[in-house]
Amino acid sequence: MRRLALALALIPLPALAEFFTLKGHGGPIMGIATAPDGRIATASFDNSVGLWTGQNPEWLEGHEAAVNSVTFNGTAIYSAGDDFTLRRWPGGDVVGRHKGKIVGLAASKTHIATASWDGTIGLWPMDGSRPIQLGPTGSGVNAVVFSADGTQLYSAGADGTLRVWDVGSGQETDRLIEHGFGINELVLNSQDGWIAYGAVDGVTRILDLTTGDVRDFSLDRRPILALALSPDRSKLAVGDGQGYIMMIDTTGWRIVQDFRATLRGPVWALAFSEDGQNLHAGGIDEAMYSWPVTSLGEQSQMAATEPSFLKNPEEMGNGERQFARKCSICHSLTPAGQRRAGPTLHGIFGREAGTLPGYFYSDTLQDSDIVWNEETINALFDEGPDHYIPGSKMPMQRITQAQDRIDLIAFLRRTTAPED
Ligand code: HEC
């Protein structure tokens, strides 16, 4: 097994300008970052970050919920997510903490900035000195970007406001836009003096920072969820909730491509390769897709096959349907256990909680003395994990109908039994 893994790691990433996918995550891909040396980092709903130098990634594990955003900074990697934490890798130390989800990250030479749904922005100095909090802004912050010299920060939020902050003083210095709908994404092009924003109502606009002029590239698809600027600044890629990617030529200001990137779900993440030859994308599919920019739309689409949890529900028994709808996105049932946010449930009956080797549990679950059986699993979803094991990583979720719990447990009994 180990030899196989080594061999896979040695297979380099394909030469760019070729189509490829990166497979291994067990959940949707929410964020992508690229480093000058060609490394790619992927942030996933499966609680992990994949660090790719070949087809076999290094898994950065420690987040206790979905990871939304990742960025390289010199030799370090920073990631943040639904567990309210900002972590630095290698190691995964918590270097910042919010009171709500962190959905956006930006890096300057001296600081990491975090955009949080708690309504504030965190400025975390890389030298470990005291962090600065910007805001509260009064509504969730969705995106942050630094000016090229790192002295200013732009932020966008659910209130539709595009704000400018002075990094030194932590004061808000300007409001550039008051859009009627939340702004999800920002891209700043300092050199050419414009900032692009994408909003909940499907608006994609470019604000000229010198003249204040606005160009509009909105199509009828919403919301805008991802923006990426090519390294030579000539192309702006826009991903939306309906699974399309639009490419804007920023030298002639026209839409040069528009294609359906995924057959199911939204485009959550976009990034150009360091040489600008490829566009990487993430969505509901468990693989990252990378298309040569010159032949976008001529290659495979994301999520072209139905996932198992969408298999014709009418043909399933109630227990299987419960599992498919409520558990399968985070748990597999097989011994090898495909990578997911939660541990495989294979062999769960009779297992002490928090003891599957190799899975990264919360301390709470690890320290509990629960043994999983019909009764304890029933109690877990009758009361909900937040009441039954407060502090565990399991999301709040109750199954209120006793019959649904009985059917689910019977299904788990059948499908998780170890073979002997
Ligand atoms: C959004 C992701 C998610 C969903 C959905 C989810 N779980 Fe979990 N589950 C987790 C995580 C994460 C853990 C690990 C918790 C910890 O370490 O505190 C976990 C742990 C467990 C455990 C304990 C495993 C062990 O080894 O101790 C059981 C049992 C379990 N889940 C059953 C279920 C069932 C049954 C469902 C569907 C009704 C479900 N979960 C839905 C994420 C999820």
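Along each chain, residues carry numbers from 1 onward, in the same order as the chain's sequence is written. Per-residue local features of the predicted model are confined to residues with pLDDT of at least 70, and side-chain atom pairs are confined, for both listing and counting, to 80 or more; whole-chain, interface and lining totals are unaffected and use all residues. The basis for every side-chain value is the complete set of heavy atoms in the structure, and neither hydrogens nor water enter the calculation.

## Points about the packing of aromatic side chains
And step 1. Here is the rule: rings of Phe, Tyr and Trp (six-membered ring for Trp) pair when centre to centre is within 6.5 Å. Planes less than 30 degrees apart are stacked, more than 60 are edge-to-face, and the remainder are tilted. Enumeration over the complete set of coordinates arrives at eight aromatic pairs.
And step 2. Ring geometry for Phe19 versus Tyr289: centroids 6.1 Å apart, planes at 55 degrees, classification tilted. Of this pair, Phe19 sits in the loop between helix H1 (2-10) and strand E1 (20-23) while Tyr289 sits in strand E28 (residues 287-292), placing them 270 residues apart in sequence.
And step 3. The buried label applies to any residue whose accessible area, calculated with a 1.4 Å probe on protein chains only, is under 20% of its type's maximum; exposed applies above 50%, and partly exposed to all values in between. Among the residues examined, Phe19 registers a relative accessible area of 26% and is labelled partly exposed.
And step 4. Accessibility expressed as a relative area gives 10% for Tyr289, which makes it buried.
And step 5. With 6.0 Å between their ring centres and 40 degrees between their planes, Tyr289 and Trp291 make a pair best called tilted. Here Tyr289 and Trp291 have matching classes, each one buried. Helix and strand definitions here come from DSSP, where helices need a minimum of 4 consecutive H or I residues and strands a minimum of 2 consecutive E residues; each element is numbered from the N-terminal end.

## A look at the nonpolar core
And step 1. In these notes, a set of buried Ala, Val, Leu, Ile, Met, Phe, Trp, Tyr and Cys residues joined through side-chain atoms within 4.5 Å is what counts as a nonpolar core. Residues Phe323, Trp372, Ile377 and Leu412 are the most contacted members of the largest nonpolar core, which totals 21 residues.
And step 2. Counting residues per element, the ones that place at least two in this core are helix H4 (374-383) and helix H6 (402-416).
And step 3. Contacts are assigned to residue pairs that have any heavy atoms within 4.5 Å of one another. When residues no more than four places from it in sequence are discounted, the contact partners of Phe323 are Ser328, His331, Leu333, Leu345, Leu408, Phe411 and Leu412.
And step 4. With 18 residues, the next largest nonpolar core counts Ala228, Ala261, Phe272 and Val293 among its residues.

## Here we look at the domain arrangement of the chain
And step 1. Reported domain spans reflect what an automatic or database domain assignment gives. Here the chain is partitioned into domain 1 (2-295) and domain 2 (308-416).
And step 2. On a C-alpha basis, the centres of domain 1 and domain 2 stand 32 Å from each other.
And step 3. Defined in terms of a 1.4 Å probe, buried area is the accessible area two parts forfeit on being brought together, summed over both. Around 1,100 Å² of area is buried between domain 1 and domain 2 when both sides are counted, 51% of it from carbon and sulfur atoms.
And step 4. Here a salt bridge means any side-chain nitrogen of Lys or Arg lying within 4 Å of a carboxyl oxygen belonging to Asp or Glu. At the surface where domain 1 touches domain 2, the tally comes to one salt bridge.
And step 5. With a shortest N-O distance of 3.0 Å, Glu286 and Arg340 are connected by a salt bridge.

## Description of the sheet that holds strand E24 (residues 244-249)
And step 1. Strand order in the open sheet formed by four strands is E22-E23-E24-E25, and the pairing between neighbours is antiparallel. Two strands in the sheet have a free side with no partner beyond their single neighbour: strand E22 (224-229) and strand E25 (254-260). Taking the axes of each pair of neighbouring strands and ignoring which way they run, one obtains an average angle of 20 degrees across the sheet. When DSSP locates at least two bridges between a pair of strands, those strands are taken to pair. To get an axis, a line is fitted to the C-alpha atoms, and for a helix only the part in contact is used. The angle between two axes follows their N-to-C directions and goes from 0 to 180 degrees.

## So, unusual backbone geometry
And step 1. The omega torsion of the bond from Gly135 to Pro136 falls at 10 degrees, within 30 degrees of zero and hence cis.
And step 2. Mapped onto the secondary structure, Pro136 falls in the loop between strand E13 (132-134) and strand E14 (141-146).
And step 3. Geometrically, the link from Arg222 to Pro223 is a cis peptide bond, its omega value of -10 degrees lying close to zero.
And step 4. Assignment of secondary structure puts Pro223 in the loop between strand E21 (214-216) and E22.
And step 5. Backbone geometry places Phe84, a non-glycine residue, at a positive phi of 75 degrees.

## Brief notes about the coordination of the iron atom of the ligand
And step 1. The protein atoms that coordinate the iron atom of the ligand are His331 (NE2) and Met394 (SD), at distances spanning 2.0 to 2.4 Å.
And step 2. Classification of the site at the iron atom of the ligand rests on its six donor atoms, whose angles at the metal span 75 to 178 degrees, yielding the label octahedral. With His331 in the loop between helix H2 (318-326) and helix H3 (363-367) and Met394 in the loop between helix H5 (385-388) and H6, the pair connects residues that are 63 residues apart, well separated along the chain.
And step 3. Assessed through its relative accessible area of 12%, His331 is described here as buried.
And step 4. By relative accessible area, Met394 is classed as partly exposed at 27%. Each metal's donors are the N, O and S atoms found within 2.8 Å of it, except that Na, K and Ca use a 3.2 Å limit; water is left out, so coordination can look incomplete. Metal sites are grouped by the angles between bound donors: all angles between 85 and 135 degrees with four donors is tetrahedral, opposite donors over 155 degrees apart with the others between 65 and 115 is square planar for four donors and octahedral for six, and any other pattern is irregular.

## Describing the site of the ligand
And step 1. To be near a molecule or strand, a residue needs just one of its heavy atoms within 4 Å of it. In the region of the ligand, 26 residues are neighbours, and Cys327, Cys330, His331, Ser362 and Met394 sit closest.
And step 2. In the model, an oxygen atom of the ligand is placed 3.0 Å from a nitrogen or oxygen of the Arg351 side chain.
And step 3. At 2.9 Å from an oxygen atom of the ligand is found a main-chain nitrogen or oxygen belonging to Gly354.
And step 4. Residues that form the shell around the ligand fall into these classes: 17 nonpolar, six polar and three charged. Whenever a nitrogen or oxygen atom comes within 3.5 Å of another N or O atom, the pair is scored as a polar contact, on the condition that within protein one atom can donate a hydrogen and the other can accept it, and that pairs from neighbouring residues in sequence are kept only if both atoms are in side chains. In this count, Pro and Cys sit with the nonpolar residues alongside Ala, Val, Leu, Ile, Met, Phe, Trp and Tyr, while Asp, Glu, Lys and Arg are called charged and the others, Gly among them, polar.

## Regarding the packing of H2 against H6
And step 1. For the pair H2 and H6, the least separation of the axes is 7 Å and the interaxial angle reads 90 degrees. Overall, the two elements H2 and H6 adopt an arrangement that is roughly perpendicular. Taking contact as the criterion, the partners of Asn318, Gly319, Glu320, Gln322, Phe323 and Lys326 in H2 are, on H6, Gln403, Asp404, Asp407, Leu408, Phe411 and Leu412.
And step 2. Looking at side-chain class alone, the contact of H2 with H6 contains four nonpolar, four polar and four charged residues. Throughout, the term roughly parallel applies to angles under 35 degrees, roughly antiparallel to angles over 145, roughly perpendicular to angles from 65 to 115, and oblique to all others.

## Here's the deal with the packing of H4 against H6
And step 1. At their nearest, the axes of H4 and H6 sit 10 Å apart, and the two run at 135 degrees to each other. As judged from the angle between their axes, H4 and H6 are oblique. The handedness of the crossing between H4 and H6 is right-handed. Facing Glu374, Ile377, Asn378, Phe381 and Asp382 of H4, the residues of H6 in contact are Arg405, Ile409 and Arg413.
And step 2. Counted by class, the contact of H4 with H6 contains three nonpolar, one polar and four charged residues. Here a crossing is taken to be left-handed if its near helix is turned anticlockwise relative to the far helix by less than a right angle, and right-handed if that turn runs clockwise.

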